[in-house]
Amino acid sequence: MPSYFFHTRDGDKLEIDEEGTDLPDDQSARNAAKELLAAMNREKLPNGDHMSLSVTVQNAEGTEIYIARLRLDGLPSSNPNGKR
Amino acid sequence: MDKQLYLERLVLKLETHIPLPPAERQKLLDLPLTLKRFEASQDIVREGEITKQCCLVAEGLVCRYKIVGDGARQILSLHLPGDIPDIHSLLIERMDHSLGTLTPAVVGLIPHDAVRALTRSSYRISEAFWRETLIEAAIYREWMVGIGRRSAPSRIAHLFCEFITKMTAIGLSDGVTCNLPLTQPEIADALGLSTVHMNKKLREIREAKLIRLRANRLTVLDWRGLCELADFDPDYLHLQPGVAKIESA
């Protein structure tokens, strides 16, 4: 099974995956990246109104094959009374 | 004789929870046992099957599991030598989950009739089996708390704490290091995590020097730190005092 590397970014904090994970194919690696992103999101409560997370997948040859990004923008409501 | 050794493991396991009088111990050692060998990742009993015998884990690591609609597996519990993970089949014959091996294993099959006769002749043994199922329920509650409420690193650390504690209680670990013959996907399936996520968090635990995990060998480097991360309190295992003292290497 080929190895894939999942590098993550949380704002400015980059984490390089040096060990990798064996997965059957690119499609499973893309799905794994999305699952990882969802898990990172669950684990982290943004300490402000902005959050930006990403997972970059690199295959064993070193080629980037996929990037999954998730962004939160909490904006003040223009309708403070909540009436529509 | 192997069979005797395996039945002694059953007695040892029961006695991690409560001592048994010699006469009751002997009755357990006299149980009929048919040994069956399994490869790794093989089913022992499948969901939906009706069984007429109980499976004593004699050697190896066994799990209960369920497969959900999209094919994902949830490992429900881990079973070590001395466990009878399907003791409930005595009263509920149709399996509502599957029992399978994680490593090559030897399983001792004990006919229901023999276990039933034994439990009817000895209320102490009845109670011992009942207690086993109650403690298993306590372990399930702990796993439920973990999957529902603990962070990924905490879940992983908790599995390590529980595993080495149980291994030490049955004499298969010196309380510092033990075999942990689980692949990373298997650990992920037990904790409800994806393999990639689990790999990342496991790396953090290793880098924090709480454990060493090399070639399926788990070594505790910082027991207090590991328990703290895991939110681990061994009370729910209901072990006799002193049977599982864990120390840092």
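Remember, it's a predicted structure, so these values are computed and weren't measured experimentally.

Chemist: Help me understand the nonpolar core in this model?
Modeler: Nonpolar side chains tend toward joint burial in soluble globular proteins. Counting 60 residues, the largest nonpolar core has Cys55(B), Leu56(B), Ile156(B), Ala157(B), Phe160(B), Ile164(B) and Leu226(B) as its most contacted members. If one sorts the elements of this core by residue count, helix H5 (residues 152-169) of chain B sits on top with 10 residues. For this core, the domains that each give at least three residues are domain 1 (2-138) and domain 2 (150-237) of chain B. When near neighbours in sequence (up to four residues on either side) are disregarded, Ala157(B) contacts Ile205(B), Leu210(B), Leu226(B), Leu229(B) and Ala230(B). Of all hydrophobic cores here, the second largest spans 13 residues; its members include Phe6(A), Val55(A), Val57(A) and Ala68(A).

Chemist: It is not clear to me how the packing of H5(B) against helix H6 (residues 184-191) of chain B should be interpreted in this structure. Could you clarify?
Modeler: Any two packed helices are characterised by how steeply their axes cross, that is the angle between the axes, and by the distance between the axes. All names here are of chain B. Contact pair H5 / H6: the axes reach a minimum separation of 10 Å and the direction vectors enclose 105°. With respect to their mutual orientation, H5 and H6 come out roughly perpendicular. Facing Arg-155, Ile-156 and Leu-159 of H5, the residues of H6 in contact are Ile-187, Ala-190 and Leu-191. Its residues assigned to classes, the contact of H5 with H6 comprises 5 nonpolar, no polar and 1 charged.

Chemist: Just checking my understanding: could you explain the domain arrangement of chain B for this structure?
Modeler: Frequently, the measure chosen for interface size is the accessible area that the parts lose on association. Residues and elements named next belong to chain B. With domains assigned, chain B is organised as domain 1 (2-138) and domain 2 (150-237). Distance between the C-alpha centres of domain 1 and domain 2: 24 Å. Tallying the contact residues gives 15 residues for domain 1 and 15 residues for domain 2. Put simply, the parts of the chain that give the side of domain 1 that touches domain 2 at least two residues each are helix H1 (2-15), strand S5 (73-79) and helix H4 (123-149).

Chemist: What is the right way to look at the sheet that holds strand S1 (residues 34-38) of chain B in this model?
Modeler: Adjacent strands of a sheet pair through backbone hydrogen bonds, lying either parallel or antiparallel. Residues and elements named next belong to chain B. The 3 strands lie next to each other as S1-S7-S3, forming an open sheet whose pairing is antiparallel. Each edge of the open sheet carries a strand with a single partner, namely S1 and strand S3 (53-59). In this sheet, neighbouring strand axes are inclined to one another by 30° on average, regardless of whether the strands run parallel or antiparallel. Examined bridge by bridge, S1 and strand S7 (residues 105-111) share 5 bridges and lie antiparallel to one another. Bridge pairing links Thr-34 to Leu-109 in S7.

Chemist: Help me understand H6(B) in this model?
Modeler: Since there are 3.6 residues in each turn of an α-helix, residues three or four apart along the chain are aligned in direction. Residue and element names in this part refer to chain B. With 6 of 8 residues buried, H6 lies mostly within the body of the structure. Taken together, the buried positions of H6 are occupied by Glu-186, Ile-187, Ala-188, Asp-189, Ala-190 and Leu-191. If you follow the buried residues of H6, they end up packed against S5, H4, H5 and helix H7 (195-207). A positive backbone phi angle near 70° is found at Gly-192, which sits one or two residues after H6.

The rules we used
Residues numbered from 1 in each chain as written. Chains lettered and ligands numbered in written order. Predicted model: local features only at pLDDT ≥ 70, side-chain atom pairs only at ≥ 80, totals over all residues. Core = buried A, V, L, I, M, F, W, Y, C linked by C-beta atoms within 7 Å. Buried ≥ 20, exposed ≤ 12 C-beta atoms within 10 Å, placed from the backbone. Helix = DSSP H or I, 4+ residues; strand = E, 2+ residues; numbered from the N terminus. Domains from an automatic or database assignment. Contact = placed C-beta atoms within 7 Å. Axes fitted to C-alpha atoms, helices over the stretch in contact; angles between N-to-C directions. Parallel < 35°, antiparallel > 145°, perpendicular 65-115°, else oblique. Nonpolar A, V, L, I, M, F, W, Y, C, P; charged D, E, K, R; others polar. Pairing = 2+ DSSP bridges.

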